[in-house]
Amino acid sequence: MKKLEAHEVALAKVFSSDYEFVIPDYQRPYRWPAEQATQLLEDLREAVDRDPDDPYFLGSIVLVKEDGWAEMQVIDGQQRLTTLTILLAVLRDLSTDVEAANLLDLHVREPGNKIQGLVARPRLRLRKRDEHFFRDHVQKRGSILDLRIGVQQWENDAQQRIAENAIALREELANWSEERRLALAATVVNRTYLVVVRTSDLPSAYRIFSVMNSRGLELSPADIFKSKVVGALPEADRKAYAAKWEDLEADLGVDGFADLFAHIRTVFLKYRPRKDLLTEFGQEVLKNYLDTGTAAEFVDEVLVPYGAAYRSILARDYHLLGDAGEINQWLERLHRLDNFDWQAPALWAITHRVDRSWLVEFLRRLERLGAWMLVSRFTTHSRGQRIAKLLHQLESGDGLDAPALDLDADERLEMVRRLDGDVYLQTPVRKFVLLRLDELVSDPAVAHDAKIVTVEHVLPQNPKEGSSWTTLFTPEQRVFWTHRLANLVLLSRNKNSSASNFDFPTKKTKYFMSGKSAVSFALTSQVLAHAEWTPDVLERRQGELVGLLSKAWDL
């Protein structure tokens, strides 16, 4: 049985020759912003003014020291140990008391001792990507005073955060008296404690780490997965696989990387989430790789290819199958949907692609399925059920013949009925459908940024009494036509309510054409070509537009 120890340890002992801290390369980078660093200083300042016998606790850190290792790997606690080292270095470099500065330097760096067999080294070594930077700009005596934001350029966000925090602490403490800074140093070294949890078994350390995270520490599920996967690899492989992991996270961004795990879970499990991501992904997806000793396979055959595919989905820049313009057009259309359920099957399709024409056809049908679920206002649950069926059928080899990817006769009939109805009253539906229509009537098709597009009425919702609208349309006709496709146009500016009730000739010139806002929309240009706007015009136009959508979506 592996030995587990937990002790309250004063920072005087934490930053001493008793501990040789190393941040493994597979750990996440340093992330604390200046606000957290200065908040720590504020908390310590308050501790200075309390009873001198009152200790200040900074929580716990998790360490592992396996047989044959000289150093202790920090599994949890990097952010605090790094920030405390910065604080000690700032106090050292600002001190005008040579003896105090020397003593503080001993907590930042081990000077070495031939008699005791100690080599000179920093007390804390960061990941190799940041180790030299931290040593040269923080741990080296006097280096804190030379840091300048805007003059020096750092290689990554972690180094930028370290520099910003060092400068923030330096600027605050420079205003303190020497006596006040010495009182702070004494509080930090003598009265500040960490609970040090130490084990000689790496898997045990990760289990402790995971339990602590589930109780509120600021770690993401991806951080936990990384610690488990990379920690399960042979020592010689950890650096390379940590780099693969971090490169992908940097490429997708923190939010995109988190979403990737959620979509991989859906692809693997083929049902909507039933538990939190940390629990379900860990138990249902990751556990098999860890139990069978194939953690490297998870990275190489799942995370990396799915991550590359997800980047293509997010950026709409797929390029692996030659001319991919049509593929990226379908991805752009899919992104207009009001949900992201389509991304799991798209991810599956891109990673299991057959050829270019197959992928184009799959995404075309997936967009139609997404449109059907949007127009029919599927609930989150019903969408999840349909996507789950599709993923099951894809995994079974159905491919383009998957029944869940197609629309049956009743579904097609119902979709046409809904498209022929009051589309405007469904907020997520109207812009999606009209942008799709605009593409269909454009030559060539023009893509628009949906964020700056508004949907407007030609026949106003509330025409003024006595206007031509009240003579051209009966009350019943206005109710029938106002919110249908034929009466809707696209503009690339916000609605001007004072102009929306103009008669048709005036509205064309002063509202739809004002500022040339309608020029880029073929759908709106068609309206401008009409000399009048009557029920007969709307009836013909409605049939044409619904017909275009029916043809495009094979209805």
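The shown structure was predicted, so the numbers you read here are calculated from the model rather than taken from an experiment.

Caption draft 1: Just the overall build of the chain, in detail. Within the chain, the regular secondary structure consists of 23 helices and 10 strands. Looking at the chain as a whole, 51% of its 555 residues qualify as buried. Excluding contacts between residues fewer than 6 apart, the proportion of contacts in the chain whose partners are at least 24 apart in sequence is 71%. Carbon and sulfur atoms make up 50% of the accessible area of the chain, which amounts to about 25,500 Å² in all.

Caption draft 2: Representation of the packing of helix 10 (residues 235-269) against helix 12 (residues 295-315). Running from N to C, helix 10 and helix 12 point in directions that differ by 85°, and their axes come no closer than 8 Å. It follows from the interaxial angle that helix 10 and helix 12 lie roughly perpendicular. Across the contact of helix 10 with helix 12, the residue classes tally to 20 nonpolar, 3 polar and 5 charged.

Caption draft 3: Inspection of unusual backbone geometry at higher detail. The phi angle at Arg-316 is positive, at roughly 55°, despite the residue not being glycine. Checked against the element boundaries, Arg-316 lands in the loop between helix 12 and helix 13 (325-334). Positive phi, close to 50°, is recorded for Asp-554, a residue that is not glycine. Look at Asp-554 and you get partly exposed, because its relative accessible area is 31%.

Caption draft 4: Broad picture of the side chain of Asn-165. Mapping Asn-165 onto the fold places it in helix 6 (residues 157-173). Side-chain polar atoms of Asn-165 contact the backbone nitrogen of Ala-34, separated by 3.0 Å.

Caption draft 5: Representation of the pattern of salt bridges within the structure. Within the structure shown, the criterion is met by 46 salt bridges. With a shortest N-O distance of 2.7 Å, Asp-406 and Arg-368 are connected by a salt bridge. Taken together, the positions of Asp-406 in the loop between helix 16 (380-395) and helix 17 (409-419) and Arg-368 in helix 15 (residues 356-375) put the pair 38 residues apart, joining distant regions of the chain. On the basis of relative accessibility, which here comes to 3%, the residue Arg-368 falls in the buried class. A salt bridge links Asp-406 to Arg-412; the nearest nitrogen and oxygen atoms lie 3.0 Å apart. Relative accessible area serves as the criterion here: at 24%, Arg-412 is assigned to the partly exposed category. One salt-bridge network, in which partners are shared between bridges, spans Arg-127, Arg-129, Asp-130, Lys-226, Glu-246 and Asp-247.

Caption draft 6: How the structure looks around helix 10. Here helix 10 spans only 31 Å end to end across 35 residues, well under the 51 Å set by a 1.5 Å rise per residue. Of all the bends in helix 10, the greatest, near 110°, is centred on Gly-253. A positive backbone phi angle near 60° is found at Lys-270, which sits one or two residues after helix 10.

Caption draft 7: Region of interest: the packing of aromatic side chains. One pass over the full model with this rule turns up 16 aromatic pairs. Between the aromatic rings of Phe-225 and Phe-281, the centroid separation amounts to 4.9 Å while the plane-to-plane angle is 35°, which identifies the pairing as tilted. Placement of the pair is Phe-225 in helix 9 (residues 221-231) and Phe-281 in helix 11 (residues 277-291), with a sequence separation of 56 residues. Ring centres of Trp-245 and Phe-261 lie 5.8 Å apart, and the angle between their planes is 35°; on these two criteria the pair is classed as tilted. Just as Trp-245 is buried, Phe-261 falls in that class too. A connected cluster of aromatic rings, assembled from ring pairs, spans Phe-225, Trp-245, Phe-257, Phe-261, Phe-281, Tyr-289 and Phe-298. Lying over the aromatic face of Tyr-241, Lys-244 brings its terminal NZ or CZ to 4.4 Å of the ring centre. Here the basic side chain of Arg-333 rests over the ring of Trp-330, its NZ or CZ set 4.3 Å away from the ring centre.

Caption draft 8: Geometry of the pairing of strand 4 (residues 72-76). Most of strand 4 sits inside the fold, with 5 of its 5 residues counted as buried. Here strand 2 (residues 21-22) pairs with strand 4 via 2 bridges, running parallel. Paired with Phe-21 across the strands is Met-72, a residue of strand 4. In this structure, strand 3 (residues 56-64) lies alongside strand 4, joined through 3 bridges in antiparallel fashion. The residue of strand 4 that forms the bridge with Val-64 is Gln-73.

Caption draft 9: Broad picture of the side chain of Arg-123. By the secondary structure assignment, Arg-123 is in the loop between strand 6 (121-122) and strand 7 (124-125). Separated by 2.7 Å, the side chains of Arg-123 and Glu-110 make a polar contact.

Caption draft 10: View of the nonpolar core. Grouped together as the largest cluster of nonpolar side chains are 84 residues, with contacts concentrated most on Leu-260, Phe-261, Phe-298, Leu-363 and Leu-366. It is helix 15 that provides the largest number of residues to this core, a total of 12 residues. Apart from the residues within four sequence positions on either side, Phe-298 is in contact with Val-229, Trp-245, Phe-261, Phe-281, Leu-286, Tyr-289 and Leu-303. Judged by nonpolar contacts, the second largest core, of 53 residues, contains Val-74, Ile-86, Leu-169 and Leu-184.

Caption draft 11: Quick peek at helix 6. Its 17 residues give helix 6 an end-to-end C-alpha distance of 24 Å, which sits within 8% of 24 Å, the value for a rise of 1.5 Å per residue. Every buried residue of helix 6 is listed here: Ala-158, Gln-159, Ile-162, Ala-163, Asn-165, Ala-166, Ile-167, Ala-168, Leu-169, Arg-170 and Leu-173. On its buried face, helix 6 sits against helix 2 (34-48), helix 3 (78-94), helix 5 (128-139) and helix 7 (178-191). Its side-chain oxygen placed 3.1 Å from the backbone nitrogen of Ala-158, Asn-156 serves as the N-cap of helix 6.

Caption draft 12: Broad picture of the environment of Leu-407. Relative to the elements of secondary structure, Leu-407 occurs in the loop between helix 16 and helix 17. Judged by its relative accessible area of 2%, Leu-407 falls in the buried class. A sequence separation of 147 residues divides Leu-407 from Asp-554, and the C-alpha atoms of the two residues are 9.0 Å apart. If near-sequence neighbours (up to four positions away) are discounted, Leu-407 is found in contact with Arg-368, Leu-369, Trp-372, Arg-386, Arg-412, Met-415 and Leu-555.

Caption draft 13: Quick look at the packing of helix 12 against helix 14 (residues 343-351). Packing of helix 12 against helix 14 leaves a shortest axis separation of 9 Å and a crossing angle of 120°. Accordingly, the angle class assigned to the pair helix 12 and helix 14 is oblique. Relative to helix 14, helix 12 is oriented so that their crossing is right-handed. For the pair formed by helix 12 and helix 14, the contact residues are Pro-305, Tyr-306, Ala-309, Tyr-310, Ile-313 and Leu-314 on the first element and Gln-343, Ala-346, Leu-347, Trp-348, Ile-350 and Thr-351 on the second. Residues of the contact of helix 12 with helix 14, tallied by class, amount to 10 nonpolar, 2 polar and no charged.

About the cut-offs
Each chain carries its own residue numbering, running from 1 in the written order of its sequence. pLDDT decides what is reported in this predicted model: residues at 70 or higher carry local features, side-chain atom pairs at 80 or more are listed and counted, and totals for whole chains, interfaces and linings draw on all residues regardless. Calculation of side-chain values draws on the structure's entire complement of heavy atoms; hydrogens and water are dropped beforehand. Secondary structure elements are defined from DSSP: runs of H or I of at least 4 residues count as helices, runs of E of at least 2 residues count as strands, and each element is numbered from the N terminus. Burial classes: relative accessible area under 20% of the type maximum marks a residue as buried, over 50% as exposed, and values in between as partly exposed (1.4 Å probe, protein chains only). Only heavy atoms matter for contacts: two residues are in contact if any of them lie within 4.5 Å across the pair. The accessible surface values rely on the Shrake-Rupley method and a 1.4 Å probe; as for residues, cover is taken only from the protein chains in view. Helix axes are fitted to C-alpha atoms over the stretch in contact, other axes to C-alpha atoms as well, and angles between N-to-C directions run from 0 to 180 degrees. Each angle receives one of four descriptions, namely roughly parallel if under 35 degrees, roughly antiparallel if over 145, roughly perpendicular if within 65 to 115, and oblique otherwise. Residue type decides the class: Asp, Glu, Lys and Arg count as charged, Ala, Val, Leu, Ile, Met, Phe, Trp, Tyr, Cys and Pro as nonpolar, and the leftover types, Gly among them, as polar. In protein, a polar contact requires one atom able to donate a hydrogen and another able to accept it; more generally it is a pair of N or O atoms within 3.5 Å, and residues adjacent in sequence count only if both atoms are side-chain atoms. Salt bridges are counted wherever a side-chain nitrogen of Lys or Arg sits within 4 Å of a carboxyl oxygen of Asp or Glu. Here a helix's expected span is defined as the number of its residues, less one, multiplied by 1.5 Å. Bending is quantified residue by residue as the angle between axes fitted to the seven-residue window ending at that residue and the seven-residue window starting at it. Aromatic pairing here means that ring centres of Phe, Tyr or Trp (its six-membered ring) are within 6.5 Å. Orientation follows from the plane angle: under 30 degrees is stacked, over 60 is edge-to-face, and everything else is tilted. Two thresholds decide whether a charge sits over a ring: the Lys NZ or Arg CZ must be within 6 Å of the ring centre and within 35 degrees of the ring normal. Strands qualify as paired when DSSP identifies two bridges or more between them. Among the buried residues, those of types Ala, Val, Leu, Ile, Met, Phe, Trp, Tyr and Cys that are joined through side-chain atoms within 4.5 Å form a nonpolar core. Each crossing gets its handedness from the near helix: less than a right angle anticlockwise from the far helix is left-handed, clockwise is right-handed.

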